[in-house]
Amino acid sequence: MFIVVVGIVVRQSLKAGLGSYIGVGVGIINQMYISTKYLSVEQLALSRLLFENSLVFSAFAHLGTPFIADKFFGLFRNDEEEHHGILPFLLFLPFIGSILFAGIYLACSDAIQGYYAERSPMILKYHVLVIPITIFWIYISVLESYCRNNARIAVPGFIREVYLRLANMLLILIFGLGWLSFDTLMYLMVASYGVAVIFLCIYLKHLGKWYWRFPNRTILNGKLIKQILGYGSFTLLGGLGVNMMLFIDRSMLAGERGLISTGIFIIATYMAGVIEIPRKAIAQISIPLLSDALLRGDLQQVRTMNRKSALNQLIAGGLFFLLIWSCIDEIFFLIPKGDTYGEGKYVVLFIALVKVFDIGTGLNTEIILYSKYFRFATLFILAAAVLGFSLNLWLIPLYGFTGAAIATALTTLVYSVTRMTFVWLKFRVLPFSYKTLQVMVVLMALYGLTWLAPHYEKNVVNTLLSIVMKSALLVLIFASLTIWLRISEEINELVRVGKAKVFGGRK
């Protein structure tokens, strides 16, 4: 049974990851070339700040609805009974949150403008756009959770990872050609999120899952509503804490150092963020399986899922880190305004290193969140958000974007170690094994090899060739060693199946 479960995780992660990797390709082209070429550093920082602030606010305004869907959907699951009317409930709850958020944000408008007026006055004209982006993002998250619980993750993932990034890139290209004003660009970017919501609704209708009926009061009774709201209140605080931990540094940089420093920091953290792609794909498909195992009290399955997920995340994330950091100077040489953005080189290093460690610790967040200890997940996240805010408040005035990077790295490290320790104490589940050490040794040895690369005169052609050759060689050696040492059973099984299909097809 467990082998079947692990196989599902691996296969579904690959399918879900395909859209993520396409989206990353589009995102890399957009963030590293299109945006940096056609937007000023201030315009780039502004457009990202609006989106990232909306993520922070949506984590509160959705009232925990996506987490509620993941936790309680099993009680309603019945296609013949149209899931007992859970969809209207999932759509109504964040509607209330959206109204409350919009009212609070508008009431605080003067304070928000006062914070940015001196260092980042460009924000003042556009900050109100956070409201519609937040509302659209709320419903993207809620509808995606509903799709996920109906075993449909590829199309929603494609909409989030590919469509939104592609729309953003095309709009910036049109702006760069002089066909749009910056004002129009910003409004169309906001509209693209509304279109994503429409796409998700159409997709659910196409699947025949757009069940619109009143909730079954036998199931959704007063006792369950109380449980749902209690769970949602804790998880929304946790979601708010996570997004504050991830994005508060940008807003504080904009207020303390201005949009240019913010833009440099955003590009650097985007590069480091590529490392987390495998974790997102694996975690997304693992949530239902992990939640079921926790409900059954099957700690052996939880332990094995966590360890295997941690190892495969470390392999993929570690390889991404190796490729990025070994070519970091070449990357900044190639991107437009590279001299300016290159000032954030060590931001990439600090944040990327801690992200490699974090993804190598496995599914600790999910284990806590979907267990009876879910309240501790909120406590840890809120504590990390307070720590991050305090460190940013201290370090940004002293060191600018480098201080923000140190604050973010320290906060993430403390948060990761805390979760891992808690999971060990409560579940006796650790993510590490001797294979973890093997991966680290291979990565360090390959990075040492990059120091033997010959020096060359930098121009566009030579730099591109250097990146391609260095990356190809590192991937080839890393993949060969990973397979030869049999570090990951899942990877070796995929290789075996691939060989069987290729050679079997030739017979």
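Residues numbered from 1 in each chain as written. Predicted model: local features only at pLDDT ≥ 70, side-chain atom pairs only at ≥ 80, totals over all residues. Heavy atoms only, no water.

Draft legend 1. Fine view of the overall build of the protein chain. Within the protein chain, the secondary structure is distributed over 20 helices and zero strands. Taken against the 2.2 N^0.38 rule, which gives 23 Å for 507 residues, the C-alpha radius of gyration of the protein chain at 23 Å falls within 12% of a compact globule. Expressed along its principal axes, the backbone C-alpha trace of the protein chain runs to roughly 75 × 65 × 45 Å. Across the 507 residues of the protein chain, 55% fall into the buried class. (Helix = DSSP H or I, 4+ residues; strand = E, 2+ residues; numbered from the N terminus. Rg over C-alpha atoms; globule rule 2.2 N^0.38 Å. Buried < 20%, exposed > 50% of the residue type's maximum accessible area, 1.4 Å probe, protein only.)

Draft legend 2. Molecular detail of empty space enclosed by the protein. Scanning the entire structure with this criterion turns up two cavities of 30 Å³ or more. Residue lining of the second largest cavity: Gln31, Ser35, Leu39, Leu44, Ser47, Arg48, Asn168, Ile172 and Met189, and that is the complete set. Sorting the residues of the lining of the second largest cavity by element identifies helix H1 (2-38), helix H2 (41-61) and helix H7 (154-176) as the ones contributing at least two each. Ranked by residues supplied to the lining of the second largest cavity, first place goes to H2 with three residues. Residues that form the lining of the second largest cavity fall into these classes: four nonpolar, four polar and one charged. (1 Å grid on protein atoms, 1.4 Å probe; cavity = no way out; pocket = protein on both sides within 12 Å on 5 of 7 lines; lining within 4 Å. Points joined across faces, edges and corners; volume = space filled by probe spheres on them. Nonpolar A, V, L, I, M, F, W, Y, C, P; charged D, E, K, R; others polar.)

Draft legend 3. Looking closely at unusual backbone geometry. The phi dihedral of Lys337 is positive, around 60 degrees, even though this residue is not glycine. Here Lys337 shows up in the loop between helix H13 (328-334) and helix H14 (338-341). Residue Lys337 is classed as partly exposed on the basis of its relative accessible area, which comes to 34%. One non-glycine residue with positive phi stands out, namely Arg428, at about 55 degrees. Structurally, the position occupied by Arg428 is in the loop between helix H17 (374-427) and helix H18 (434-450).

Draft legend 4. The pattern of salt bridges, seen in detail. Under the defined criterion, the tally for this structure stands at 12 salt bridges. Among the salt bridges present, the one from Glu161 reaches Arg160, with a minimum N-O distance of 2.3 Å. Close ionic contact of Lys345 with Asp329 constitutes a salt bridge, the shortest N to O distance being 3.1 Å. Highlighted residues: Lys345 in helix H15 (residues 345-359) and Asp329 in helix H13, separated in sequence by 16 residues. Accessibility expressed as a relative area gives 19% for Lys345, which makes it buried. (Salt bridge = Lys/Arg side-chain N within 4 Å of Asp/Glu carboxyl O.)

Draft legend 5. Structural detail: the packing of H18 against helix H19 (residues 460-484). Packing of H18 against H19 leaves a shortest axis separation of 11 Å and a crossing angle of 155 degrees. Relative to H19, the element H18 lies roughly antiparallel. Of the two elements, H18 crosses H19, and the hand of that crossing is right-handed. Each of Val442, Leu443, Leu446, Leu449 and Thr450 in H18 lies in contact with H19, whose residues at this interface are Leu474, Ile477, Phe478 and Leu481. (Axes fitted to C-alpha atoms, helices over the stretch in contact; angles between N-to-C directions. Parallel < 35°, antiparallel > 145°, perpendicular 65-115°, else oblique. Left-handed = near helix turned anticlockwise from the far one by under 90°. Contact = heavy atoms within 4.5 Å.)

Draft legend 6. Here's a closer look at H7. Over its 23 residues, H7 runs 32 Å from end to end, which matches the ideal 33 Å to within 8%, given 1.5 Å per residue. Of all the bends in H7, the largest measures some 25 degrees and sits at Tyr163. Backbone geometry just downstream of H7 places Gly178 in the positive-phi region, at approximately 85 degrees. (Expected span 1.5 Å × (residues − 1). Bend = angle between axes of the 7 residues up to and from the residue.)

Draft legend 7. Inspection of the confidence of the model for the protein chain at higher detail. Counting all residues, the mean pLDDT for the protein chain is 84, and 91% of those residues have values of 70 or more. For the protein chain, per-element mean pLDDT is lowest for H1, which scores 67, and highest for helix H8 (residues 182-207), which scores 94. Confidence drops under pLDDT 50 across residues 1-10; counting only partners more than four residues distant or on other chains, this segment forms 16 contacts. (pLDDT = per-residue confidence, 0-100.)

Draft legend 8. Structural detail: the environment of Thr411. Among the secondary structure elements, Thr411 is positioned in helix H17. You can call Thr411 buried: its relative accessible area is 1%. Along the backbone, Thr411 and Ser390 are 21 residues apart, and their C-alpha atoms lie at a distance of 9.9 Å.

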